[in-house]
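Listed below are the residues making up each chain.
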Amino acid sequence: MAGHGTPIPMTARKSPPLKGVAQIPGDKSVSHRSLILGALCVGETRISGLLEGQDILDTAKAMTAFGANVERVGDGDWVVNGVGVGGFAEPEDVIDCGNAGTGVRLIMGAMATCPITATFTGDASLRSRPMGRILDPLMLFGAQSVGRTGGQLPLTLVGAREPVPVRYTSPHASAQIKSAVLLAGLNTPGETVLIEHEKTRDHSERMLRGFGAEIETVKTAEGYQITLQGQPELKPQTIAVPRDPSSAAFPVAAALIVEGSDILVPNIGLNPTRAGLLTTLSEMGADISFENVRTEGGEPVADLRVRASALQGIEVPPDRAPSMIDEYPILSVVAAFACGKTVMRGIKELRVKECDRIDAMARGLETMGVTIEEGEDFLIVHGQNGDVAGGGTAQTHLDHRIAMSFLCMGLATQKPVSVDDGGAIATSFPIFEDLMAGLGAAIQRDNH
Ligand code: S3P
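Rules used in this analysis
The residue count restarts for each chain, going from 1 along the sequence in the order it is written. In keeping with the predicted nature of the model, local features appear solely for residues at pLDDT of at least 70, side-chain atom pairs appear and are counted solely at 80 or more, and the whole-chain, interface and lining totals rest on all residues. The side-chain numbers reported here are obtained from all heavy atoms of the structure, hydrogens and water having been left aside. Strands are runs of DSSP state E lasting at least 2 residues, helices are runs of H or I lasting at least 4, and numbering of each runs from the N terminus. Between the two quantities, the radius of gyration covers C-alpha atoms and the globule rule is 2.2 Å times the number of residues to the power 0.38. Accessible area is worked out with a 1.4 Å probe on protein chains only. A residue is then buried under 20% of its type maximum, exposed over 50%, and partly exposed in between. Only heavy atoms matter for contacts: two residues are in contact if any of them lie within 4.5 Å across the pair. The accessible surface values rely on the Shrake-Rupley method and a 1.4 Å probe; as for residues, cover is taken only from the protein chains in view. Residues scored as positive are Lys and Arg, those scored as negative are Asp and Glu, and His as well as the terminal groups of each chain are ignored. The atom standing in for a charge is NZ when the residue is Lys, CZ when it is Arg, CG when it is Asp and CD when it is Glu. Remark: nonpolar core denotes a set of buried residues (Ala, Val, Leu, Ile, Met, Phe, Trp, Tyr, Cys) joined through side-chain atoms within 4.5 Å. Here a pair means two rings of Phe, Tyr or Trp (six-membered ring of Trp) with centres within 6.5 Å. Their orientation is stacked below 30 degrees between planes, edge-to-face above 60, and tilted elsewhere. When DSSP finds two or more bridges between a pair of strands, those strands are recorded as paired. As annotated, the domain borders come from an automatic or database domain assignment. Whenever Lys or Arg places a side-chain nitrogen within 4 Å of a carboxyl oxygen from Asp or Glu, that contact is recorded as a salt bridge. Side-chain atoms alone can form a polar contact between residues adjacent in sequence; in general such a contact is a pair of N or O atoms within 3.5 Å, and within protein one must be able to donate a hydrogen while the other accepts it. The rule is simple: put a 1 Å grid over the protein atoms alone, call a set of points where a 1.4 Å probe fits but cannot get out a cavity, call an open set with protein on both sides within 12 Å along at least five of seven lines a pocket, and count a residue as lining if it has an atom within 4 Å of a point. Grid points are joined across faces, edges and corners, and a volume is the space filled by probe spheres set on the points. Residues were grouped as follows: Ala, Val, Leu, Ile, Met, Phe, Trp, Tyr, Cys and Pro as nonpolar; Asp, Glu, Lys and Arg as charged; and all remaining residues, including Gly, as polar.

Caption draft 1: Just the overall build of the protein chain, in detail. If you tally the helices and strands in the protein chain, you get 13 helices and 24 strands. Whereas a compact globule of 448 residues would reach a radius of gyration of roughly 22 Å, the protein chain reaches 21 Å, a difference of no more than 12%. C-alpha atoms of the protein chain, sized along the principal axes, occupy 60 × 50 × 45 Å. Split into buried and exposed, the 448 residues of the protein chain put 58% on the buried side. Nonlocal contacts in the protein chain, meaning residues at least 24 apart in sequence, comprise 77% of its contacts between residues at least 6 apart. Looking at the protein chain as shown, the accessible area adds up to about 16,000 Å², and 48% of this sits on carbon and sulfur atoms. Computed over 38 positive and 53 negative side-chain charges, the inter-centroid distance for the protein chain is 2 Å.

In structure tokens form, the structure reads like this:
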């Protein structure tokens, strides 16, 4: 499991133009939800294109521990025979969610209204992340928890025996909080209502509807109000997991900064709640064309053609943050190669990701010779107009996106860029090294 193994130091070097086709693995958010929702219906849910990263394998293992039958039947093909809403069995052992914040928070939501007790833990990164934001609403349903100070893992959750419906306004722009509340609402009689001020990724709402739940979103003066009717009988589904736009961001960014590059990234989802990075890059002058635009599984999809581009720094609108929250690390790398300043505000949620991503990017960029300005909820990167020094080692703090961001950076810096540990990359993008090598990127493990 990531973070439990020996560190894997890696180095990226200035590379020739990147060329070819980047076949991106399945979406991490949709993969977690496919397994969890599959476990919550009686009958067989068939999933193709599942991301086989460690985060998802940990969720698959957890669903088995709660009584579902989860089986890998082929490359990315999985079958889940679920237990039904409210049917989770009590796990015999601690649930280890590894590095996965989404995994643990969604699973805690799903079990919080079942009459069972479970104990959760994770790796050093996950154990340092705040769980109070999930526990607060789950307590309102009637669940109880005992954890470390601030609700950190390991913690034990005692599910509500007689759950009561909740109306909850989320204090953070977080799809994980929203999804935990909705999943808890499944086994609760009556209407569960979740209000979010800013629209976050809506995979849970779309998928719950697809599985047969009655759920509706309306925009009110308070924000986006999502109402779920409790205790539905979910119907097993056949799911084709779309490819992950957050993983696609790495080869896309690398192609933009490595001179002469021209790559194709097929089948990327353009769900507006996830596509903020592509809008931002286009505004910076990126040469990205959207080919073969179509609708698949109810979501807009396109093939991205990306060519190396001269980029201009911009001010990213803060209200775009939820739609590109995982992409700020790689955007700040792209920004280092642009001309002028890139200003990223309204990004305080980055401080509670797999690591404090504002701090990790700021320190790493400084090490590579880039001037930054940093505050509690902002990061400003001073672009070097294509000429970035590199020549240092970035600390990755068990964070896959920090590791991949600096490795992409090193493909275009004067001197190589190293990371102390690329082990966490396997949590979300297990084929990253092979895929990048296939495009011509010079990324190596240091001991090879
Ligand atoms: C996710 C939501 C986001 C995101 C994470 C995946 C999800 O977290 O950063 O990688 O699948 O719901 P927050 O909800 O905490 O913003």
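Back to the text.
Caption draft 2: Expanded view of the nonpolar core. In this structure, Val 265, Leu 281, Tyr 328, Phe 406, Met 409, Phe 432 and Met 436 are the most contacted members of the largest nonpolar core, which totals 78 residues. In contact with Tyr 328, not counting residues within four places along its chain, are Val 316, Arg 320, Ala 321, Met 344, Ile 347 and Leu 350. In this structure, Cys 97, Ala 112, Met 131 and Ala 213 belong to the second largest nonpolar core, which totals 63 residues.

Caption draft 3: Region of the structure containing the packing of aromatic side chains. For the structure shown, the criterion picks out 3 aromatic pairs. Between Phe 66 and Phe 88, the ring centres sit 4.7 Å apart and the planes meet at 25 degrees, which makes this aromatic pair stacked. Of the two residues, Phe 66 sits in the loop between helix H2 (54–65) and strand S4 (69–74) while Phe 88 sits in the loop between strand S5 (77–82) and strand S6 (95–96), which places them 22 residues apart along the sequence. A relative accessible area of 4% means that Phe 88 is categorised as buried. Among the aromatic residues, ring-to-ring pairing joins Phe 66, Phe 88 and Phe 120 into one connected group.

Caption draft 4: Representation of the pairing of strand S9 (residues 155–158). Taking every second residue as pointing to the same face, the buried face of S9 carries Leu 155 and Leu 157, while none of Thr 156 and Val 158 on the other face is buried. Looking at chain direction, strand S7 (residues 117–121) and S9 are connected through 4 bridges and run antiparallel. Counterpart to Ala 118 in the pairing with S9 is Leu 157. As defined by bridge partners, strand S8 (residues 144–146) adjoins S9 across 3 bridges and the pair is classed as antiparallel. Among the inter-strand pairings, Gln 144 is bridged to a residue of S9, identified as Val 158.

Caption draft 5: Region of the structure containing the domain arrangement of the protein chain. The domain boundaries assigned to the protein chain delineate domain 1 (10–26 + 242–445) and domain 2 (28–240). Each of domain 1 and domain 2 has a C-alpha centre, and these two points are 29 Å apart. Viewed at the interface, domain 2 and domain 1 are joined by 4 salt bridges. Between Arg 201 and Asp 326 there is a salt bridge; the shortest N-O distance is 3.3 Å. Inspection of the domain 1/domain 2 interface yields 14 residue pairs in polar contact (both at pLDDT 80 or more).

Caption draft 6: Layout of the layout of surface pockets. Space inside the largest pocket adds up to approximately 740 Å³. In this structure, the largest pocket is lined by 31 residues; those nearest its centre are Val 30, Ile 239, Ala 240, Val 241 and Pro 242. The greatest single-element share of the lining of the largest pocket, amounting to 4 residues, is contributed by helix H7 (residues 203–210). Residue classes in the lining of the largest pocket are distributed as 15 nonpolar, 10 polar and 6 charged. Residue contributions to the lining of the largest pocket reach at least three from each of two domains, namely domain 1 (10–26 + 242–445) and domain 2 (28–240). Approximately 590 Å³ is the volume attributed to the second largest pocket. Surrounding the second largest pocket, 36 residues form its lining, Ala 173, Ser 174, Ile 325, Glu 349 and Lys 353 being those nearest its centre. Among the secondary structure elements, those contributing two or more residues to the lining of the second largest pocket are helix H1 (28–39), helix H3 (101–111), helix H6 (175–186) and helix H12 (400–409). Of the residues assigned to the lining of the second largest pocket, the class counts are 9 nonpolar, 11 polar and 16 charged. There are two domains that each give the lining of the second largest pocket at least three residues, and those are domain 1 (10–26 + 242–445) and domain 2 (28–240).

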